[in-house]
Protein chains: 2
Amino acid sequence: MQNYSSRLLEEAVNEFSRLPGIGRRSALRLALHLLRQDESRSDALGNAILRLRGNIRYCNRCHNISDEELCSLCADPKRDNTILCVVEDIRDVMAIENTSQFRGVYHVLGGIISPMDGIGPNDLNIESLIVRTETEDIQEIIMAMPATTEGDTTNYYLYKKLKGKVPAISAISRGVAIGDELEFADEITLGKSILNRIPYEKLSD
Amino acid sequence: MQNYSSRLLEEAVNEFSRLPGIGRRSALRLALHLLRQDESRSDALGNAILRLRGNIRYCNRCHNISDEELCSLCADPKRDNTILCVVEDIRDVMAIENTSQFRGVYHVLGGIISPMDGIGPNDLNIESLIVRTETEDIQEIIMAMPATTEGDTTNYYLYKKLKGKVPAISAISRGVAIGDELEFADEITLGKSILNRIPYEKLSD
């Protein structure tokens, strides 16, 4: 039990250390850092946190985080609304946007099916995805789940739910990472990349 | 450049990532974590940060962080006011308090002399330390600086300033850590521990 000599400091350390990956020692370092900074800096942080949770909204259509009813991606007339990419959370939207390889729209599940963590299909934005297949003109759904057991389970569940509702359902490819030597790829990935090989003429650069 | 789809989220990520040791990726993880939590949790964090910087005070006597004019250590009648331990910052006060080996009082310099970082004696609470030697009945000053070049420089500067003003000036001992085998101690530490050897009868458990 530490003696913080200040209730205010102790409170700040307690709250910081509730954040994931921040222990009490790091929390103290952060609090002392704020005390050394100009007051405007910690005001900015404190207020940004209060505004974030108090005012944040989610896109009515794709559940992406948004400041408006429709997120900037759904509202963009240049996006192709017939191709829909299903992802686990908003970080995946950002990762895919950073590739500049996808011009369609998204659907954010808000998680992934994980019985170990007690997360089932009903905890995710799957019902609204089904509704979208019925109300929008979607030609293809790309499932961009992580390459994990939970990702596979979610892919399988989504495929069963979506089959017949849209002309095409695909999943992102998995295999040896670009730039990697085969000898450094783990054997499961390498094995899968052989099983799921792609006709050379279909291979895109 | 990331597209955060929400200005509120981007602001929170910007502010988190200004903290030491938190990059943009961790900052995003923290912000998304807060969004998944109950609103009361992020309110508690935001308000703790605002209150910390807005209301924190420093002990009038020892510069320890405090909610009152005198910190809980200076105000404690059971502490020995004749032995004063000089430390770099409040974390060192906590570390020494955790040992339960010191019953005197402290003086927090608020930093350490470091020409590389542009920190000189005038940036530290040294003048008020001199004043304490003149107004309080101090029998011994223990300098508890880190075992670094900056710590050595600060020790030397303090010693020159304090010499003759108090009956005794000491520095905490440096050497092989308790429980360590000699073969694993670095050679500089081991060398110093031989040069600074202590008469066996003076060695305390």
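Preceding this paragraph is the structure being described.
Residues numbered from 1 in each chain as written. Chains lettered and ligands numbered in written order. Predicted model: local features only at pLDDT ≥ 70, side-chain atom pairs only at ≥ 80, totals over all residues. Heavy atoms only, no water.

Visitor: Talk me through the overall build of chain A; I want residue IDs and the actual numbers.
Guide: The helix and strand tally for chain A stands at seven helices and six strands. Over its C-alpha trace chain A gives a radius of gyration of 22 Å, far above what one expects of a compact globule, namely 17 Å for 205 residues. Taking the principal axes of its C-alpha atoms as reference, chain A extends roughly 70 × 45 × 35 Å. Taking all 205 residues of chain A together, 38% fall into the buried category. Within chain A, residue pairs in contact and separated by at least 24 positions form 46% of the contacts whose partners lie at least 6 positions apart. (Helix = DSSP H or I, 4+ residues; strand = E, 2+ residues; numbered from the N terminus. Rg over C-alpha atoms; globule rule 2.2 N^0.38 Å. Buried < 20%, exposed > 50% of the residue type's maximum accessible area, 1.4 Å probe, protein only. Contact = heavy atoms within 4.5 Å.)

Visitor: Which residues make up the packing of aromatic side chains, and what are the values?
Guide: Residues and elements named next belong to chain A. Applying the stated criterion to the full structure yields two aromatic pairs over all chains. With centroids separated by 5.2 Å and ring planes inclined at 65 degrees, the aromatic side chains of F102 and Y106 adopt a geometry described as edge-to-face. Residues F102 and Y106 agree in their burial class; the two are buried. (Phe/Tyr/Trp six-rings, centres within 6.5 Å; stacked < 30°, edge-to-face > 60°.)

Visitor: Go over the packing of helix α5 (residues 127–135) of chain B against helix α6 (residues 149–162) of chain B, please, and point to the residues and values.
Guide: All names here are of chain B. Two elements in contact, α5 and α6, have axes separated by 11 Å at closest approach and are oriented at 35 degrees. In this structure, α5 meets α6 at a crossing whose hand is right-handed. Across the interface between the two elements, L129, I130 and T133 of α5 pack against L158, K161 and L162 of α6. Considering only residue class, the contact of α5 with α6 consists of four nonpolar, one polar and one charged. (Axes fitted to C-alpha atoms, helices over the stretch in contact; angles between N-to-C directions. Left-handed = near helix turned anticlockwise from the far one by under 90°. Nonpolar A, V, L, I, M, F, W, Y, C, P; charged D, E, K, R; others polar.)

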